[in-house]
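Tertiary structure, described
The residues making up each chain are set out below.
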Amino acid sequence: MERIKEMIRRRKQLILYLLFGAVTTVCSLLACYITLRVGVVFWHDEQGDPTAGLDILGSASQWVVGVLVAFVTNKKWVFTDAEHGRKATWKQLGTFSGSRVFTFVLEAGINLGVIALLEALHYPSPAFDLFGVSFELSERIWAKVVSSVVVVFTNYYISKLFVFRKKDEKTLQTDDCKE
């Protein structure tokens, strides 16, 4: 039991990061859902379905809410020893948002690469039934799994090493002289 407690203590930051990542995912999906449900009243095709423009707006709201929720939860509860203050927070938000744009592009590249690789290998895309619903393990599903794992850990390390890093002693001394 002590070994488990020690392991949790050492990995607390990563565990909190993954937990708040799940919270972020739920919030961002809700933002997309609400955008689509409200937006379709005003912006729909002849059949009453959302248009491509509304889909893009839903995805944009999902991304913005996801970045903001992730930033707030990471700053407040995950990387608690990071710099504080208005100036530091704005700088962190800019770096954080930029890193999320980077990992968005990384995710798209990995998805395309995995799909191309599996198609070149003639991956058979097996299917299985679960609770009466048929699921296919297509190239796109595998690409999404691979890219999601890479992006989660890339975002974690970017946040830890660049966005929410501790202010080093030299910088602290320089800032103290300026005030």
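Notes on the structure in this doc start here. (Residues numbered from 1 in each chain as written. Predicted model: local features only at pLDDT ≥ 70, side-chain atom pairs only at ≥ 80, totals over all residues. Heavy atoms only, no water.)

Structural notes on the overall build of the protein chain
The helix and strand tally for the protein chain stands at 6 helices and 2 strands. Of the regular secondary structure in the protein chain, the N- to C-terminal order runs α-α-α-α-β-β-α-α. Each principal axis of the C-alpha distribution contributes one length, and for the protein chain these read about 65 × 50 × 35 Å. Counting all 179 residues of the protein chain, 27% fall into the buried class. Considering only intrachain contacts with a sequence separation of at least 6, the fraction spanning at least 24 residues in the protein chain is 65%. As displayed, the protein chain has an accessible area near 12700 Å², and 67% of this comes from carbon and sulfur atoms. (Helix = DSSP H or I, 4+ residues; strand = E, 2+ residues; numbered from the N terminus. Buried < 20%, exposed > 50% of the residue type's maximum accessible area, 1.4 Å probe, protein only. Contact = heavy atoms within 4.5 Å. Areas by Shrake-Rupley, 256 points an atom, 1.4 Å probe, with all protein chains shown as cover.)

As for the pattern of salt bridges
Applying the stated criterion to the full structure yields 3 salt bridges. Among the salt bridges present, the one from E6 reaches R9, with a minimum N-O distance of 2.6 Å. Placement of the pair is E6 and R9 together in helix 1 (residues 2-10), with a separation of 3 residues, close to one helical turn. Residue classification places R9 among the exposed positions, given a relative accessible area of 55%. The salt bridge involving K144 is made with E107; its shortest N-O contact spans 2.5 Å. One end of the pair, K144, is in helix 5 (residues 139-163); the other, E107, is in helix 4 (residues 86-120), and 37 residues separate them in sequence. Judged by its relative accessible area of 40%, K144 is partly exposed. (Salt bridge = Lys/Arg side-chain N within 4 Å of Asp/Glu carboxyl O.)

With respect to the packing of aromatic side chains
Counted under the stated rule, the structure contains 10 aromatic pairs. On the numbers, 5.3 Å between centres and 10 degrees between planes, the contact of F79 with F164 is stacked. Residue F79 is found in the loop between helix 3 (52-78) and helix 4, and its partner F164 is found in the loop between helix 5 and helix 6 (169-178); the two are separated by 85 residues along the sequence. Here F79 and F164 have matching classes, each one buried. (Phe/Tyr/Trp six-rings, centres within 6.5 Å; stacked < 30°, edge-to-face > 60°.)

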